[in-house]
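Reading the structure
Spelled out from the first residue to the last, the chains are:
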Amino acid sequence: MVNRNDLKKALVQLGVESGMVLEVHSSLSSFGELEGGAMTLIDVLKELVTPQGSIFMPALRLSRELELTSEDKQLGITVKIRKLDPDTPHTAMGIVADTFRSLPDTVSGRDTISTSGWGLHGEEALKGGLDYAIHNGGKALLLGVDIYKLTAMHYVEGNTPEEITRQFAPGEEINRIYPPDKWIIETGHPPIKAWYTIQKMAYEKGLIKETFIGSCKVMFFDILPVISLYENELKRDPYGLWGIKKAEA
């Protein structure tokens, strides 16, 4: 079991400190067992960051990936996720983010794609999601998850060529069955998991600091330099990044 003191000591050694702006993504189960569960993690983060800092967590009202029917597969659907009601207590974001969102001193948007915030600049979550964290020296803390949970990565995806996006977008027939206001549907996957390429680059450049807290692997880094790697690769060679052949003119 990981206790509160173990958790606090490890986070301090990692660099979590007062006044920090922190984007947090976590898997509680990755600890094996954390004494006090989700609230222990939240309380320790607040104690270390203090009200002079800010904590942001995802507040996406989305289900986990749902099992595909044979009809889904025939239509070419590879991912099926339901958009949930704003007051849904449990989402795919996990118990830590869901608990954080429910606390009275947390602010959170009610849109499907939202961010929760706490602390001095917590209300920035309502204005621009993670924009404040990205552009004001924010750090990312990934507890038991990897870069594929880093919501800030999506903030530079406007550089993705439409041709790539269009390849995996559902067509009219699928949208009739699964209306976009209620569902997130994907058709197909790029051959390469591009975000892992970015994660590898970040490690090679020494941008990521890591440790273990119990059985939980923890990654800690400045947000902007890491997502800038993704932005630059999307501008330089997006097709190579995703392993997609560019259509001939």
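Placed above this text is the structure.
Remember, predicted model here, so these are calculated numbers, not experimental data. Throughout this description, residue numbers start from 1 for each chain and increase along the sequence as written. Confidence filtering applies because this is a predicted model: local features only for residues at pLDDT of at least 70, side-chain atom pairs given and counted only at 80 or more, and all residues used for totals across whole chains, interfaces and linings. Heavy atoms from the whole structure form the basis of all side-chain values; hydrogens and water molecules are not counted.

1. Observations concerning helix 10 (residues 223-236)
For clarity, the cut-off: Labels follow the DSSP assignment, with helices taken as runs of H or I lasting at least four residues and strands as runs of E lasting at least two, numbered in each case from the N terminus. One fewer than the residue count of a helix, multiplied by 1.5 Å, yields its expected span. Exposure is judged per residue with a 1.4 Å probe applied to protein chains only, and the accessible area is read against the type maximum: over 50% gives exposed, under 20% gives buried, and values in between give partly exposed. Contacts are assigned to residue pairs that have any heavy atoms within 4.5 Å of one another.
The terminal C-alpha atoms of helix 10, which comprises 14 residues, lie 20 Å apart, in line with the 20 Å expected from a rise of 1.5 Å per residue. Every buried residue of helix 10 is listed here: Ile-223, Val-226, Ile-227, Ser-228, Leu-229, Tyr-230, Glu-233 and Leu-234. Residues of helix 10 that are buried sit in contact with strand 1 (21-26), helix 6 (131-135), strand 6 (139-143), helix 9 (194-204), strand 9 (216-222) and helix 11 (238-242).

2. Thoughts on the pairing of strand 2 (residues 54-58)
This is how the line gets drawn: Place the viewer so that the strands point away; then a crossover is right-handed whenever the path from the first strand over the helix to the second strand goes clockwise. Whether two strands pair depends on DSSP finding at least two bridges between them.
Of all five residues in strand 2, five are buried; the element is thus mostly enclosed. Side chains Ser-54, Phe-56 and Pro-58 project from strand 2 onto one buried face, and the interleaved Ile-55 and Met-57 project onto a second face that is buried too. As for the winding sense of the linkage, the β-α-β connection from strand 1 through helix 2 (residues 37-49) to strand 2 is right-handed. In this structure, strand 2 lies alongside strand 5 (residues 115-119), joined through five bridges in antiparallel fashion. Residue pairing across strands places Ser-54 opposite Gly-119, the latter belonging to strand 5.

3. Examining the packing of aromatic side chains
Using the following cut-off: Any two rings among Phe, Tyr and Trp, with Trp reduced to its six-membered ring, count as a pair given centres within 6.5 Å; such a pair is stacked if its planes are under 30 degrees apart, edge-to-face if over 60, and tilted if neither. Put simply, a charge is over a ring when the Lys NZ or the Arg CZ is close to the ring centre, within 6 Å, and near the line of the ring normal, within 35 degrees.
Applying the stated criterion across every chain yields a total of four aromatic pairs. Here Tyr-178 and Trp-183 contribute two aromatic rings whose centre-to-centre distance is 4.9 Å and whose plane-to-plane angle is 70°, an arrangement assigned as edge-to-face. Each member of the pair, Tyr-178 as well as Trp-183, carries the same accessibility label: buried. The ring centre of Tyr-148 lies 5.5 Å from the NZ or CZ of Lys-193, which sits over that ring.

4. Quick word on the environment of Pro-161
Following the sequence through the fold, Pro-161 ends up in the loop between strand 6 and helix 7 (162-167). When the C-alpha atoms of Pro-161 and Lys-235 are compared, they prove to be 8.9 Å apart, with 74 residues separating the residues in sequence. The contacts of Pro-161, once residues within four sequence positions are left out, are Pro-238 and Tyr-239.

5. Side note on unusual backbone geometry
A positive phi angle is found at Thr-50, which is not glycine, with a value near 65°. By the element assignment, Thr-50 lies in the loop between helix 2 and strand 2.

6. Some remarks on the environment of Pro-179
Mapped onto the fold, Pro-179 is located in the loop between helix 8 (172-177) and strand 7 (183-186). For Pro-179, a relative accessible area of 26% corresponds to the partly exposed category. Sequence separation between Pro-179 and His-25 is 154 residues; the distance between their C-alpha atoms is 29 Å.

7. Focus: the nonpolar core
To keep things clear, this is the line we draw: What is meant by a nonpolar core is a set of buried Ala, Val, Leu, Ile, Met, Phe, Trp, Tyr and Cys residues, joined one to another through side-chain atoms within 4.5 Å.
Judged by nonpolar contacts, the single largest core of 35 residues is most densely connected at Leu-150, Met-153, Ile-198, Phe-221, Ile-227, Tyr-230 and Trp-242. A per-element tally of this core places helix 10 first, with six residues. Residue contacts for Met-153: discarding those within four places in its chain leaves Ile-147, Trp-195, Ile-198, Ile-227 and Tyr-230. Membership of the second largest hydrophobic core comes to 31 residues, among which are Val-2, Leu-45, Leu-48 and Trp-118.

8. Description of the sheet that holds strand 9
Short version of the rule: Interaxial angle, 0 to 180 degrees, is taken between N-to-C directions of lines fitted to C-alpha atoms, where a helix line uses only the stretch in contact.
Spatially, the seven strands line up as an open sheet ordered 4-5-2-1-6-9-8, and their pairing is mixed. Since the sheet does not close on itself, it has two edges, and those belong to strand 4 (107-108) and strand 8 (209-213), each with one partner. Across five bridges, strand 6 lies against strand 9 in antiparallel orientation. Its bridge partner being in strand 9, Leu-143 is matched across the sheet by Val-218. Here helix 10 sits on the sheet and contacts strand 1, strand 6 and strand 9; the angle it forms with strand 9, its principal contact strand, is near 85°.

9. A short note on helix 2
Taking 1.5 Å of rise per residue, the 13 residues of helix 2 would be expected to cover 18 Å, and the 19 Å separating its terminal C-alpha atoms lies within 8% of that figure. Burial of helix 2 is extensive: 10 of the 13 residues sit out of reach of the surface. What helix 2 keeps buried is the set Gly-37, Ala-38, Thr-40, Leu-41, Ile-42, Val-44, Leu-45, Lys-46, Leu-48 and Val-49. In this structure, the buried residues of helix 2 make contact with helix 1 (4-14), strand 1, strand 2, helix 4 (95-102), strand 5 and strand 6.

10. Quick word on the packing of helix 2 against helix 4
Condition: The hand of a helix crossing depends on one turn: near helix anticlockwise from the far one by less than a right angle means left-handed, and clockwise means right-handed.
At their nearest, the axes of helix 2 and helix 4 sit 9 Å apart, and the two run at 65° to each other. Here helix 2 and helix 4 pass one another in a crossing that is right-handed. On helix 4, the residues touching Ala-38, Met-39, Leu-41, Ile-42 and Lys-46 of helix 2 are Ile-95, Val-96, Thr-99 and Phe-100.

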